[in-house]
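Given next are the chains, with one letter for each unit.
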Amino acid sequence: MDKDKQIQKIQIRSIEKLGKKSDLAMRGLRALGFVKDKKHFTIIYPCQFCGRLINYALTPCIFCGNYPKSGREGVIAYLLSSNGLEFDDLMKISKAIKDKFDLELLISNFRELIDEILKNKRGQPEYKLLFRMVEDSINNKERQRVVGLEYVKRSHIVCDRCGQEITGADLPCIHCFSQQQGVEKPFPPNNLSITEKWIVATNNLLLFTENHLSNTDNVEGLEELIFVSVYIINRLIEKNELPDDNLKSLWRDLFRKTKSFYTHFGGEIAKGSIRIENDKIKIEALESCTGEEEFTIMAFGHNLSYLLKS
Ligand SMILES: [Zn+2]
Ligand SMILES: [Zn+2]
C-alpha cells in the first residue's frame, strides 16, 4: 500500500484525547501496516467487536471471544493496529467501538481502504497470510467458538461464593463483603490463584486506561506500559503464563516512569489521581466523586499496588 494511504485522522470531538504527542510528525509518516513497529514492545489492536485492547486481531478476542469471520472483518482487524495508528487514535477507536460508532463513517477513508485491500487481495502477496488466516477461522468456526468461550471465562474472574466479577486482585469479594458488614469474624480473602490475581489486576489497569484515564505526567511511559500490559494479559489468558522476572521489572520501570494517572470522569476538572511516590501508591479522590467513582479509583490503586509488589 502507498505510504500516503494511511488512515486519516479521526475528527470526532466527543471522543476524549489522551495527552499530547511529541512525535506526531514522525509517526504520521509510518505506512499503514507494512512498517514494523520497532518502537513498541508488541503490536496491539482494539477489538472491532468489543473495543478492548488485545494482542492478536485474527484469533478470538480474550475479552469477548469474537473473531473475524469474513474477509472484510479480517481487513478491519488488520487496519486497526498500532503498526498504522497513533496511540491516541487507537484509544479513540477503542472508545468509539465501545460506544457503537460506525467506524466506516468515523474514519473518513476507512471504507475506501477496506475495499481497496479486498479488491487487490489476490494481487498483493502481503495479504496472503491475512486471508489464509481468516479462511482458516471460517473453516473452523466450532474450534474458534470454543476457544473464544474459554478465553472469556478466563478473563472474567468471578467470586466462587456469589458469582459476581472480582475487581480487586488481592481483596475479598466486594459484593460478598458488603452483604456481611457487622459480622464479627474476619472476612475470608478471595480464593484466586496468582495467575487469576494477575488477570484481575492487569484487566483493571487496562479498563481504567480505556474508560477513565484523562491525563498522565508521562505519555511515553504510559503508552509502553499499556503495550506491555496487553502482552502480559494475553499470555496469562491464552497460555496460563505468568510474566517472568524481566517482564515484571520492565512493567515496574514503566509504571514508575508513568508516575501518575488522572481521571476527570467526563467532567471539567480532575476528580481523582493515582501517583507513585517513593515506590508507594498515593490515591486521591475528590469529595465531588460519586461512590462508584471513588470505588473505581480505589480499586485501580489497589490493583496497581498489587502489580508493583508482585
Ligand atoms: Zn473483543
Ligand atoms: Zn462474592
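Residues numbered from 1 in each chain as written. Chains lettered and ligands numbered in written order. Predicted model: local features only at pLDDT ≥ 70, side-chain atom pairs only at ≥ 80, totals over all residues.

1. Some details on the overall build of the protein
At step 1: Counting secondary structure elements, the protein contains 12 helices and six strands.
At step 2: A burial count over the protein gives 37% of its 310 residues as buried.
At step 3: A separation threshold of at least 6 residues defines the contact pool for the protein, and within that pool the share at least 24 residues apart is 66%. (Helix = DSSP H or I, 4+ residues; strand = E, 2+ residues; numbered from the N terminus. Buried ≥ 20, exposed ≤ 12 C-beta atoms within 10 Å, placed from the backbone. Contact = placed C-beta atoms within 7 Å.)

2. Describing the nonpolar core
At step 1: Grouped together as the largest cluster of nonpolar side chains are 67 residues, with contacts concentrated most on Ile54, Val230 and Ile233.
At step 2: Ranked by the residues each element gives to this core, the list is headed by helix 10 (residues 219-239), at 11 residues.
At step 3: Of the residues that make up this core, three or more belong to each of domain 1 (33-148) and domain 2 (192-309). (Core = buried A, V, L, I, M, F, W, Y, C linked by C-beta atoms within 7 Å. Domains from an automatic or database assignment.)

3. Looking at the sheet that holds strand 5 (residues 272-277)
The pairing of strands in a sheet comes from backbone hydrogen bonds and takes either a parallel or an antiparallel form.
At step 1: The four strands are arranged 3-4-5-6 in an open sheet whose pairing can be described as antiparallel. With one partner strand each, in any of the chains shown, strand 3 (213-215) and strand 6 (280-285) form the two edges of the open sheet. For this sheet the average axis-to-axis angle between neighbouring strands, irrespective of direction, equals 30°.
At step 2: Note that strand 5 and strand 6 share six bridges and pair antiparallel. In the sheet register, serine 273 faces strand 6, and the bridge partner there is glutamate 284. (Pairing = 2+ DSSP bridges. Axes fitted to C-alpha atoms, helices over the stretch in contact; angles between N-to-C directions.)

4. Thoughts on the environment of glutamate 210
At step 1: Here glutamate 210 is to be found in helix 9 (residues 194-211).
At step 2: Looking at glutamate 210, the number of C-beta atoms within 10 Å reads 18, which means it is partly exposed.
At step 3: Setting aside its immediate chain neighbours within four residues, glutamate 210 contacts Arg52, Leu53 and Ser94.

5. Section: the environment of proline 68
At step 1: Here proline 68 lies in the loop between strand 2 (53-54) and helix 2 (71-79).
At step 2: Distance from proline 68 to methionine 133, taken between C-alpha atoms, is 9.6 Å for residues 65 residues apart in sequence.
At step 3: In contact with proline 68, not counting residues within four places along its chain, are Leu58, Glu73, Gly74, Ala77, Val134 and Ser137.

6. Quick look at helix 11 (residues 245-258)
At step 1: Taking 1.5 Å per residue as the helical rise, helix 11 with its 14 residues ought to reach 20 Å, and the 20 Å between its terminal C-alpha atoms agrees with that figure.
At step 2: Taken together, the buried residues of helix 11 touch helix 10, strand 5 and helix 12 (291-309).
At step 3: At the C-terminal side of helix 11, lysine 259 shows a positive phi close to 70°. (Expected span 1.5 Å × (residues − 1).)

7. Examining the pairing of strand 5
On a regular strand, each side chain points to the face opposite its neighbour's, so the side chains alternate between the two faces of the sheet.
At step 1: Where burial is concerned, the two faces of strand 5 differ: the one with Gly272, Ile274 and Ile276 is buried and the one with Ser273, Arg275 and Glu277 is not.
At step 2: As paired elements, strand 4 (residues 260-263) and strand 5 share four bridges and run antiparallel to each other. Residue pairing across strands places threonine 263 opposite glycine 272, the latter belonging to strand 5.
At step 3: Hairpin connection between strand 5 and strand 6: a loop of two residues separates the two successive antiparallel strands, and asparagine 278 in this loop has a positive phi of roughly 50°.

8. Here's the deal with the packing of helix 10 against helix 11
At step 1: Between helix 10 and helix 11, the least distance of the axes is 8 Å, while the angle of their chain directions is 150°. Here helix 11 runs roughly antiparallel to helix 10, going by the angle between their axes. Classified by chirality, the crossing of helix 11 by helix 10 is left-handed. Residues Gly221, Leu222, Glu224, Leu225, Val228 and Ile232 of helix 10 pack against Leu247, Leu250, Trp251, Leu254, Phe255, Lys257 and Thr258 of helix 11.
At step 2: Here the contact of helix 10 with helix 11 is built from residues that sort into nine nonpolar, two polar and two charged. (Parallel < 35°, antiparallel > 145°, perpendicular 65-115°, else oblique. Left-handed = near helix turned anticlockwise from the far one by under 90°. Nonpolar A, V, L, I, M, F, W, Y, C, P; charged D, E, K, R; others polar.)

9. Digging into the environment of arginine 145
At step 1: Considering the arrangement of structural elements, one finds arginine 145 in helix 7 (residues 141-155).
At step 2: Arginine 145 sits in the partly exposed class, given 14 other C-beta atoms within 10 Å.
At step 3: Along the primary structure arginine 145 and proline 60 are separated by 85 residues, whereas in three dimensions their C-alpha atoms are 7.8 Å apart.

10. Considering unusual backbone geometry
At step 1: For asparagine 240, which is not glycine, the phi dihedral falls at a positive 60°.
At step 2: The backbone of asparagine 278 shows a phi angle near 50°, a positive value even though the residue is not glycine.
At step 3: Among the structural elements, asparagine 278 can be located in the loop between strand 5 and strand 6.

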